[in-house]
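Overview (structure and organization)
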Amino acid sequence: MELISAKQRSELLKDVRETLKLEQRDFYAVDAEDLELFLAGDLDAVAASYQVWADSVAEMEQAGEHLRRVRVISEPLSDYQRMAVQYSGPAVDAGEDLRWLPRRLTSTLPLPGNDFFVLDGHTAVFNVLDGNGDRAEIQLYTEPEVVKLCLDAFEAAWALAIPHHKYKPA
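Residues numbered from 1 in each chain as written. Predicted model: local features only at pLDDT ≥ 70, side-chain atom pairs only at ≥ 80, totals over all residues. Heavy atoms only, no water.

Closest axis-to-axis distance for the helix α3 (residues 43-62)/helix α4 (residues 79-87) pair is 10 Å, and the angle between their directions is 65 degrees. Relative to α4, the element α3 lies roughly perpendicular. Remark: the crossing between α3 and α4 carries right-handed chirality. Contact residues: α3 offers L43, V46, A47 and Y50, while α4 offers M83, A84, Q86 and Y87. Looking at the contact of α3 with α4 residue by residue, the class counts come to seven nonpolar, one polar and no charged. (Axes fitted to C-alpha atoms, helices over the stretch in contact; angles between N-to-C directions. Helix = DSSP H or I, 4+ residues; strand = E, 2+ residues; numbered from the N terminus. Parallel < 35°, antiparallel > 145°, perpendicular 65-115°, else oblique. Left-handed = near helix turned anticlockwise from the far one by under 90°. Contact = heavy atoms within 4.5 Å. Nonpolar A, V, L, I, M, F, W, Y, C, P; charged D, E, K, R; others polar.)

Topologically, T19 is positioned in strand β2 (residues 18-23). The spacing of T19 and L109 is 90 residues in sequence and 21 Å in space, taken between C-alpha atoms. Apart from the residues within four sequence positions on either side, T19 is in contact with L13, H66, L67, R68, F117, V118 and L119.

Here it is as C-alpha cells:
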C-alpha cells in the first residue's frame, strides 16, 4: 500500500480506459456547496454544477474512457443523495454507467470498508474519509489480492444495484 496525493490520483485517472467506482457514504463534504444550494432551492445552480461533471463524462467517453459507478444509499435518502439522484441524469446520458444500491440489500455483500476505484482491472485506490466526509487519505494498491477483492465486491454490488433511470427512491 502506498499513500498518494489527490494530484497523483488525478494523474492515475487520466490514462485509464475503465474505471469502476463504489461509493458507500450518504454525504460527501466535497459537494457541500451544491448541497447548500439544493437545500436553499437554487436548483439552477445545482443543475449547472452537475452539468460540469456530465461534460467531463462526455469528454471521457469520447476519449474511450468508461466509468461504471455504484452508489450504496440509505433509504429514505439523505438530502445529499436526493440531490444526487435528481441531478445525475445528464452524466448518465453522457455515458456514465451509474447504479444505485439500497443499503438494505448489502448486508451479505463482502464490501471493503472504504470507497474505492478499480483502474483498468489492476489498480485499486481507496478514498478514506473522516467523520465529516472530508478526505483523510488516499491509498493505492497494486497487490493482486486487493484488486481482486475490490473487483469481486464491485461486481457483486453491481449485480444487485438498480440502473439510474430505473431507480425510484423509497
